[in-house]
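Analysis of the macromolecular model
One letter stands for each residue in the lines below.
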Amino acid sequence: MSNSWFSFGKDSPQVKLAKIEFDNGYALNIMSDQLPFTIGRSKDRNLVVTSTFVSRRHCTIDAVRGELHIIDESQNGTFIDDHLLKHESAAIAHRIHLLFGGEFMLAISPYDEHGRLIEAPEPDDTAAATRGNTHG
C-alpha cells in the first residue's frame, strides 16, 4: 500500500502521517508539517534518545517520491523487524518495529488517507514485506 495520498503544498492542512509507539506505552503522532522527522541522541533531533546505543543522527522519517520512508543515518544501522537497514531507506507501508543498538525499540504505524492506522501484514509475510520495501 502506498502512502502517496498526502501532499505538502504550503497551504495544505496538517495531516497525521504516522504514529510512533514506545515500549513503555507512550505514543506520539508525526504530522505532515514535522517532516523530515529526525531521531537520534543529538539535542537538535525531533525525538531525542539518550541511549549510548543510538547514534547522534540515527535515522529520519521523510517523504520520498510520495511515500513515507525511514532513512538510516547511523553508524551501525537500524533493525526494521528482522532486516538490518544500513545507510539506505525503506518505505513505511505498514506497522514496523525498529530496534536501535539492540536496546531501544519503538513501533511506527502509518495512517491511511482516512486516518486509520495501517497494521502489519500477517506474521508470515512481515519479513518478506519489509525486504520488499527496502531501497538502496
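My aim in this report is to walk through the structure given alongside it, one point at a time. (Residues numbered from 1 in each chain as written. Predicted model: local features only at pLDDT ≥ 70, side-chain atom pairs only at ≥ 80, totals over all residues. Heavy atoms only, no water.)

Some points on the overall build of the protein chain
What counts, and what does not: Helix numbers and strand numbers start at the N terminus; a helix is a DSSP run of H or I with at least 4 residues, a strand a run of E with at least 2. Working definition: with a 1.4 Å probe on protein chains only, accessible area under 20% of the residue-type maximum means buried, over 50% means exposed, and in between means partly exposed. By the convention used here, residues are in contact when the closest approach between their heavy atoms is within 4.5 Å. To measure how exposed things are, a 1.4 Å probe is used in the Shrake-Rupley method; for residues, cover is taken only from the protein chains shown.
Scanning the protein chain from terminus to terminus reveals one helix and 12 strands. The linear arrangement of helices and strands in the protein chain, starting from the amino end, is β-β-β-β-β-β-β-β-β-β-β-α-β. For the protein chain, buried positions account for 46% of its 136 residues. Looking at the protein chain alone, contacts between residues at least 24 apart form 39% of all its contacts between residues at least 6 apart. With the model as given, the accessible surface of the protein chain reaches about 7,300 Å², and the carbon-plus-sulfur share is 48%.

Section: the sheet that holds strand β1 (residues 16-22)
Note the threshold: Two strands are counted as paired when DSSP detects at least two bridges linking them. Fitting a line to C-alpha atoms yields each axis, with helices limited to the stretch in contact; the angle taken between N-to-C directions then spans 0 to 180 degrees.
Strand order in this open sheet of six strands is β2-β1-β11-β10-β7-β8, and the pairing throughout is antiparallel. Every other strand in the sheet has two partners, leaving β2 (27-31) and β8 (83-85) as the edge strands with one partner each. Across this sheet, the average inter-strand angle for adjacent strands is 30°, counted without regard to direction. Bridge count between strand β10 (residues 96-100) and strand β11 (residues 104-110): five bridges; the pairing is antiparallel. Of the residues in β11, the one forming a bridge with leucine 98 is leucine 106.

Quick word on the environment of leucine 117
Tracing the backbone through its elements, the reader meets leucine 117 in the loop between β11 and α1 (123-132). By relative accessible area, which is 31% here, leucine 117 ends up partly exposed. For the pair leucine 117 and alanine 18, spaced 99 residues apart in sequence, the C-alpha separation works out to 7.8 Å.

Structural notes on the nonpolar core
The cut-off we apply is this: To form a nonpolar core, buried Ala, Val, Leu, Ile, Met, Phe, Trp, Tyr and Cys residues must be joined to one another through side-chain atoms within 4.5 Å.
If you look at the biggest cluster of nonpolar residues, it comprises 26 residues, and the most contacted ones within it are Ile61, Ile70, Leu106 and Ile108. For this core, the secondary-structure elements that each account for two or more residues are β1, β3 (37-40), β5 (59-64), β6 (67-72), β10 and β11. When residues in this core are grouped by element, the largest group, four residues, is from β1. If we ignore the near neighbours within four places in the chain, the residues touching isoleucine 61 are Ile20, Ile30, Leu35, Pro36, Phe37, Ile39, Leu68, His69, Ile92 and Ile108.

A look at unusual backbone geometry
Note that the residue after leucine 35, namely proline 36, is joined by a cis bond; omega there is -5°. Relative to the elements of secondary structure, proline 36 occurs in the loop between β2 and β3. Even without being a glycine, arginine 65 presents a positive backbone phi close to 50°. Of note, arginine 65 is situated in the loop between β5 and β6. With phi around 55°, aspartate 81 is a residue other than glycine that occupies positive phi space.

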